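Observations on the model geometry
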Amino acid sequence: MRQEARAAAERIFAAAADLGTTRQEAILVTRAVHAVKKGRPTEVALTDTPQHRRRKLAHVVGCELWDPALNADEVLTAVVEVGRTAPRERQPSVAA
């Protein structure tokens, strides 16, 4: 994997963390934006609440995927691979 694609993946995950979303959601949004870039439909809603985090994350992902210096397929692969190798996030437990 090219270093530039891995750096783009890290920027995507950093944006997800800043927005309070999980790595899994970052992977989902990246796959959806990649599908749009390739002209394929997606059923992933890129807006949600609060304050449209997915839309903001989709903007960051889109900037990376449309960057002419980067290969969008390599960025998607990097996001999926980095997401798999990262420690699993724990969902907050519900207090009784």
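Described below are features of the structure shown in this document. Just so you know, these numbers come straight off a predicted model, no measurement behind them.

1. What to know about the pattern of salt bridges
- For the structure on display, the rule yields five salt bridges.
- The salt bridge involving Arg11 is made with Glu64; its shortest N-O contact spans 2.8 Å. Here Arg11 is found in helix H1 (residues 3–19), whereas its partner Glu64 is found in helix H3 (residues 53–65), with 53 residues between them in sequence.
- Judged by its relative accessible area of 10%, Glu64 falls in the buried class.

2. What about the packing of aromatic side chains?
- If you walk through the whole model with that rule in mind, you get zero aromatic pairs.
- The ring of Phe13 carries the charged tip of Arg23 above its face, separated from the ring centre by 4.2 Å.

3. Here we look at the nonpolar core
- Ranked by internal contacts, the top residues of the largest apolar core, which has 23 residues, are Ile12, Leu57, Val61, Val75 and Val79.
- Looking at this core, the elements that each hand over two or more residues are H1, helix H2 (23–37), H3 and helix H4 (72–85).
- With residues near it in sequence (within four places) discarded, Val75 still touches Ala5, Ala8, Ile12, Leu65 and Leu70.

4. Let's talk about H1
- Between its first and last C-alpha, H1 extends 24 Å over 17 residues, near the 24 Å set by a 1.5 Å rise per residue.
- Among the residues of H1, Ala5, Ala8, Ala9, Ile12, Phe13, Ala15 and Ala16 are the ones counted as buried. End-on, the buried residues of H1 take up no more than an arc of 155°, which puts them together on one face. Opposite the packed face of H1, turned more than 90 degrees from it, sit the exposed residues Gln3, Ala17 and Asp18.
- The elements touched by buried residues of H1 are H2, H3 and H4.
- At the C-terminal side of H1, Gly20 shows a positive phi close to 80°.

How each quantity is defined
Residues numbered from 1 in each chain as written. Predicted model: local features only at pLDDT ≥ 70, side-chain atom pairs only at ≥ 80, totals over all residues. Heavy atoms only, no water. Salt bridge = Lys/Arg side-chain N within 4 Å of Asp/Glu carboxyl O. Helix = DSSP H or I, 4+ residues; strand = E, 2+ residues; numbered from the N terminus. Buried < 20%, exposed > 50% of the residue type's maximum accessible area, 1.4 Å probe, protein only. Phe/Tyr/Trp six-rings, centres within 6.5 Å; stacked < 30°, edge-to-face > 60°. Lys NZ or Arg CZ within 6 Å of the ring centre and 35° of its normal. Core = buried A, V, L, I, M, F, W, Y, C linked by side-chain atoms within 4.5 Å. Contact = heavy atoms within 4.5 Å. Expected span 1.5 Å × (residues − 1). Arc of directions from axis to C-beta.

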